[in-house]
Amino acid sequence: MANLAVDIGNTRMKWGLFEAEELVETGIAEAAELENLLDRSNNQNLENLILCNVGKALAPALEERLKQNFYFLYLDAHTPLPFENAYQSPETLGKDRLAAIAGAYHIFPGRDVLVIDIGTAITFDFLSAEGRFEGGNISPGMDMRYHALYLFTARLPLVDTPYGENFWGSNTTSALQAGVVQGILFEIEGYIHWLEEKQPGFKIILTGGGADFFGKKLKSEIFVNHNLVLTGLNKILDHNVHLKR
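All of these numbers come straight from a predicted model, not from anything done at the bench.

**Focus on the layout of surface pockets**
Next up, step 1: Put simply, the largest pocket is a space of about 1200 Å³.
Next up, step 2: Surrounding the largest pocket, 30 residues form its lining, Asp96, Asp117, Gly119, Thr120 and Gly209 being those nearest its centre.
Next up, step 3: Sorting the residues of the lining of the largest pocket by element identifies β1 (2–8), β2 (12–19), α3 (95–107), β7 (113–118), β8 (121–127), α4 (142–151) and α7 (228–244) as the ones contributing at least two each.
Next up, step 4: Split by residue class, the lining of the largest pocket holds 11 nonpolar, 12 polar and seven charged.

Structure follows, in structure tokens:
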């Protein structure tokens, strides 16, 4: 039997089809295409489905279809998890962060893990070797920093991501690019250095849209995993399937 893990954002969704623990197919589509995805999945012997949704609420008819045709799990603050969640306000914790921690718990069981998700925001989340999510921090992402420099100054231009290898900028555009990129690199390396003193031997997983860009520039041993959230959603789904048996 197959599991379908779906991560829905404001405009797009990313999905993964799992057979046992193996991710056999993945894709990205418009968020409104969930029903079409279900139609295409009918020939995959699909039995279980988990949904992480930060976008618009599902149409009642579609939600009813999910409940009638699958073991359907809607990830929220009350969903049983395969790890201990020590976050003091679970209702405010991003569900994609929860799923990423579950993915880290699966990939590196019994290890301390730092999960860094580089997207619109940058999140740093720590999972202890005992399987306890200790919490994490949130920082502005790359585009957010560029826009802040543009919006809150009178003369600085809005620049985009392309960036050379020079440490110092030689003009205003390259100074903004180097300043933002080097600032994020120092920030990440600062977290890693701090944890090395506190929790030596921990693992680092990089995910999100900026994972490849920054992963190539970091000096530490980094594991880049673009499907970490989907992997975690599948593990949360399996955990709940086993609980109901």
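After that view of the structure, there is still more to cover.
**Some remarks on the sheet that holds β1**
Next up, step 1: Pairing in this open sheet of five strands is mixed, and the strands run β3-β2-β1-β4-β5 from one edge to the other. The outermost strands of the open sheet, each flanked by one partner alone, are β3 (22–30) and β5 (71–74). In this sheet, adjacent strand axes meet at a mean angle of 15 degrees when their direction is disregarded.
Next up, step 2: On the sheet, α7 packs against β1, β2, β3, β4 (46–53) and β5 and is oriented at approximately 130 degrees with respect to β1.

**As for the packing of aromatic side chains**
Next up, step 1: Applying the stated criterion to the full structure yields eight aromatic pairs.
Next up, step 2: Seen from their ring centres, Phe124 and Tyr191 are 3.9 Å apart, and the 10 degrees between their planes marks the pair as stacked. Taken together, the residues Phe124 in strand β8 and Tyr191 in helix α5 (residues 172–198) connect sequence positions 67 residues apart.
Next up, step 3: Ring centres of Phe213 and Phe214 lie 5.0 Å apart, and the angle between their planes is 80 degrees; this geometry places the pair in the edge-to-face category.

**Considering empty space enclosed by the protein**
Next up, step 1: According to the stated counting rule, one finds one cavity of 30 Å³ or more in the structure shown.
Next up, step 2: Reported here for the largest cavity is a volume of approximately 30 Å³.
Next up, step 3: For the largest cavity, the full set of lining residues is Asp96, Arg97, Ala100, Val115, Asp117, Thr123 and Asp125.
Next up, step 4: Mapped by element, the contributors of at least two residues to the lining of the largest cavity are α3, β7 and β8.
Next up, step 5: Among the elements that make up the lining of the largest cavity, the one with the highest residue count is α3 (three residues).
Next up, step 6: When the residues that make up the lining of the largest cavity are grouped by side-chain class, the tally is two nonpolar, one polar and four charged.

So, how was this worked out
Residues numbered from 1 in each chain as written. Predicted model: local features only at pLDDT ≥ 70, side-chain atom pairs only at ≥ 80, totals over all residues. Heavy atoms only, no water. 1 Å grid on protein atoms, 1.4 Å probe; cavity = no way out; pocket = protein on both sides within 12 Å on 5 of 7 lines; lining within 4 Å. Points joined across faces, edges and corners; volume = space filled by probe spheres on them. Helix = DSSP H or I, 4+ residues; strand = E, 2+ residues; numbered from the N terminus. Nonpolar A, V, L, I, M, F, W, Y, C, P; charged D, E, K, R; others polar. Pairing = 2+ DSSP bridges. Axes fitted to C-alpha atoms, helices over the stretch in contact; angles between N-to-C directions. Contact = heavy atoms within 4.5 Å. Phe/Tyr/Trp six-rings, centres within 6.5 Å; stacked < 30°, edge-to-face > 60°.

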